[in-house]
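Spelled out from the first residue to the last, the chains are:
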Amino acid sequence: MVDNFPSSRRCLYCGARSQTPGLCEGCAASLPWITQACPGCAQPQNFDGPCSSCLKKPLPFDTAWAAFQLDPPVHQAIHDLKYHAGFLQANFLGQLLAQKLGRRAQPLPELIIPVPLHRTRLIRRGYNQALELARILQNTLDVRVDPGIAKRIRNTPDQIGQSRAQRQRNLRGAFTVDKRVAGKHIALLDDVMTTGATLAELARAARRAGATRIEAWAVARVP
Ligand SMILES: [Zn+2]
Ligand SMILES: [Zn+2]
C-alpha cells in the first residue's frame, strides 16, 4: 500500500500520524512535565519550599525553573536539537515552554540570555541550541533575547559524570556578561540543567554586571 501521508505530518517520536508538526497528540499528552519542584534549583520534589541542598548552599540565582524531567520523548527531542540540528524540535519545545511561562503569576523577565557556547564549539556545531530555543520564546512571549550580551571566554571540557563541585571548578571565570544587564530582571536559558553549575557560573557573571533579578530556565532537569 502506498502511504501518501507526508513525513512532516508524522510524529518524530512514535511515527504516528500527527496533525501538528513534531509531536503527535499521544506523545504530547504523555510529556514528562515537572509539576512541583524546588524553587531554588528546579529539582522535582513533592513539597513546597527549598530542597535540603538549597537550604545548605543556595545557587546564585533568585529562582530556577525547568519544564520537564529528562525523560522520553523530551530526552530524544533535546538530543536531536543539540546534535542533529533539530530545529523542528527547538520549535515545539520552545512553544511548550512559552505556553507554561506565559501562564505563570510572576512577571516575565525583561531579557532572556541563552547560555553561550564557546566560539570553537559554536563553529563546530554551527548553531547554539539555547539560542534557538530563546528565539522561539522571544517570538511567543515578546521578551527580548540578546545573544551578544554574554560570552563564553573559556572552553570547558564535557561535564558528563562530574560532581557539582568539579563542574564549578572547571567553569570558574568561563563567562563574561555585558553591563547592559545592570538593573534588569533577566532569565538565563539552557537546554538541560544537570547540577546547575553552568547556569550558576553564568548567573555569577550576570550578578557582577549588575543584574538585579536572575532566573535560571531549562527545558529539562536531570533528577
Ligand atoms: Zn507520537
Ligand atoms: Zn533546590
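Cut-offs used in this document
- Residues numbered from 1 in each chain as written.
- Chains lettered and ligands numbered in written order.
- Predicted model: local features only at pLDDT ≥ 70, side-chain atom pairs only at ≥ 80, totals over all residues.
- Heavy atoms only, no water.
- Helix = DSSP H or I, 4+ residues; strand = E, 2+ residues; numbered from the N terminus.
- Donors = N, O, S within 2.8 Å, 3.2 Å for Na, K, Ca; no water.
- Tetrahedral: all angles 85-135°; square planar, octahedral: opposite > 155°, others 65-115°.
- Buried < 20%, exposed > 50% of the residue type's maximum accessible area, 1.4 Å probe, protein only.
- 1 Å grid on protein atoms, 1.4 Å probe; cavity = no way out; pocket = protein on both sides within 12 Å on 5 of 7 lines; lining within 4 Å.
- Points joined across faces, edges and corners; volume = space filled by probe spheres on them.
- Pairing = 2+ DSSP bridges.

(A) Region of the structure containing unusual backbone geometry. Residue Pro-73 is reached from Pro-72 by a cis peptide bond, and omega for that bond is -5°. On the secondary structure map, Pro-73 appears in the loop between strand 1 (63-69) and helix 3 (74-83). For Ala-85, which is not a glycine, the phi torsion comes out positive at approximately 50°. Counting through the fold element by element, Ala-85 comes out in the loop between helix 3 and helix 4 (87-102). Notably, Asp-142 is not glycine yet its phi reads approximately 60°, a positive angle. One can find Asp-142 in the loop between helix 6 (129-141) and strand 3 (144-145).

(B) Looking closely at the coordination of the zinc ion (ligand 2). Those donors, Cys-38 (SG), Cys-41 (SG), Cys-51 (SG) and Cys-54 (SG), are the protein atoms that reach the zinc ion (ligand 2), and they lie 2.3 Å from it. Angles of 107 to 113° at the metal separate the four donor atoms of the zinc ion (ligand 2), which places the site in the tetrahedral class. Mapped onto the polypeptide sequence, the residues donating to the zinc ion (ligand 2) form the spacing pattern C-x2-C-x9-C-x2-C. Taken together, the residues Cys-41 in the loop between helix 1 (25-29) and helix 2 (52-56) and Cys-54 in helix 2 connect sequence positions 13 residues apart. There is no split in this pair, since Cys-41 and Cys-54 are both buried.

(C) How the structure looks around the layout of surface pockets. One number sums up the size of the second largest pocket: a volume of about 380 Å³. Lining the second largest pocket we find 18 residues, and of these Thr-35, Ala-37, Ala-64, Trp-65 and Ala-66 sit closest to its centre. For the lining of the second largest pocket, the secondary-structure elements that each account for two or more residues are strand 1 and helix 4.

(D) Fine view of the pairing of strand 7 (residues 213-221). The element strand 7 is largely enclosed, with a buried count of eight among its nine residues. In this structure, strand 1 lies alongside strand 7, joined through six bridges in parallel fashion. The residue bridging Phe-68 from the neighbouring strand is Ala-220, located in strand 7. Where strand 6 (residues 185-193) and strand 7 come together, eight bridges link them in parallel fashion.

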